[in-house]
Amino acid sequence: MLVGIFMVLSNLKIVLTDKVIESGYLVIENEKIVKVGEGAYSGKEKAIDQKGLIAFPGFIDVHFHGSVGIDFMDAKVSDYSRISSSLYEEGITSYLATTLTSDHASLLNVCRNVKEAKKTNPSLLGIHFEGPYISANHKGAQNEAFIRNPSIDELKQYILESGNNVRYISLAPEKEGALEFIKFASKQGIVTSAGHTDASFKEVEEAIKAGLTNTTHTHNAMSGHHHRKPGVVSAAFYFDNLFTEFIVDKIHVCPESLKMSYKIIGPDRFMIITDALKAKHSDLQEFTLFGLPCIRKDGAAYLTSGPLAGSLLTLDQGVRNMYELVKPSLSDLAKISSYNASKCLHLTDRGEIKEGKLADLVLLDKDLYVNKTIKLGKVVYERK
């Protein structure tokens, strides 16, 4: 007698990290994938015909700031379920709630809310602190009034108040105290990423020795590539142990630069992120970003003073953009939308379709639009 969740999905194209099963089936039981099979399903249980849909591991977004008109900086615990539900429409089954450069008390409040929200939101992995330990020279749409040097004492409080849910920190590795901060964070299992930074190539190299593993929205808000003054972009290209975030809306990084970057970096380090703001999945035309006024314009979000503030990108659109621009294999597309994020976050239970992994899946049609999203073996979104 079967207990718990049981489901057989048949007639699927299944995308693995090393190959594609052109026609196969998945058996899901008690929130996990228990069988990945080729050909027709011959078991006794009734199979659900998926009519040739393409099964990808559920998408993972390590960097975005909100959705449905809600920003993580002022989201209540009850708001997280609305945000999580909206993300299922774009195939996201795991995410980090990303903060902004702000005062200590506000960040502590986010920590407490995430701790509670995680109890009822299985997609929520924890917190990505984007700032406040960044460079004023590359602040982007961050509030300069709250920029400060890295503080291990502050981080200890964030870890405590969040219930050990600080997972990722974007910072400027050239700042005073940054190397010791990176060493401490790494020992806690926290990912550190070079972002909003004026670091030189050599400073990034020293930060890698201390434990730095990522670059944040690569090309944006960082020192670039120059033949006599190489910066963070140069380091992102050169160091094979750096995972590299990219906002692939074709606005934050133009198509030509995306193609060049992917050709250099390849599918094993490249990570699609959205860096989306709260106006995503909403009709908001004007809104604030922790006090900074923004407008929706030309497919992105801009500060009213002019600069880009963030994207309105959905992750499935990012997947389609990358497929259009660089024509990666489907396996490589699964890496840059899910598997690489799981690796950089040290997750061993998701990020790929494999027996024993969580049944977090997104089923796409032939044009890579989301047809169904499955979270822990349950269909949580189905296109009408």
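See the structure shown above.
Because the structure is predicted, anything quoted here is derived from the model rather than measured. (Residues numbered from 1 in each chain as written. Predicted model: local features only at pLDDT ≥ 70, side-chain atom pairs only at ≥ 80, totals over all residues. Heavy atoms only, no water.)

Draft legend 1. Quick peek at the packing of aromatic side chains. Scanning the entire structure with this criterion turns up 13 aromatic pairs. With a centroid separation of 5.2 Å and 70° between ring planes, the pair formed by F64 and F72 is classed as edge-to-face. Take F64 and F72: they sit in the same class, and that class is buried. By the ring-pair criterion, three or more aromatic residues cluster together here, those being F64, F72, Y80 and Y95. The residue whose ring lies beneath K280 is F64, and the NZ or CZ to ring-centre distance is 5.0 Å. Taking NZ or CZ as reference, R320 lies 3.7 Å from the ring centre of Y369, over its face. (Phe/Tyr/Trp six-rings, centres within 6.5 Å; stacked < 30°, edge-to-face > 60°. Buried < 20%, exposed > 50% of the residue type's maximum accessible area, 1.4 Å probe, protein only. Lys NZ or Arg CZ within 6 Å of the ring centre and 35° of its normal.)

Draft legend 2. Spatial organisation of helix 7 (residues 255-265). Residues L258, S261, Y262 and I265 constitute the buried set of helix 7. Projected onto a plane normal to the axis of helix 7, the buried residues spread over an arc of 100° and lie on a single side. Summarising the geometry of helix 7, the exposed residues directed more than 90 degrees from the buried face are E256 and K263. Two residues or fewer after helix 7 comes G266, characterised by a positive phi angle close to 80°. (Helix = DSSP H or I, 4+ residues; strand = E, 2+ residues; numbered from the N terminus. Arc of directions from axis to C-beta.)

Draft legend 3. Geometry of the sheet that holds strand 12 (residues 191-194). Ordered in space as 6-9-10-11-12-13-14-15, the 8 strands form an open sheet in which the pairing is parallel. With one partner strand each, in any of the chains shown, strand 6 (59-64) and strand 15 (270-273) form the two edges of the open sheet. (Pairing = 2+ DSSP bridges.)

Draft legend 4. Fine view of the nonpolar core. Within the largest apolar cluster, 87 residues are counted, with the highest numbers of intra-cluster contacts made by F56, Y80, Y95, L155, L212, F270 and M322. The dominant element in this core, judged by the number of residues it contributes, is helix 2 (residues 104-117), at 6 residues. The contact partners of L155, leaving out residues within four places of it in the chain, are Y133, V166, I169, F181, F184, A185 and I190. Core analysis: the second largest hydrophobic core is formed by 17 residues, M7, L53, A359 and L361 among them. (Core = buried A, V, L, I, M, F, W, Y, C linked by side-chain atoms within 4.5 Å. Contact = heavy atoms within 4.5 Å.)

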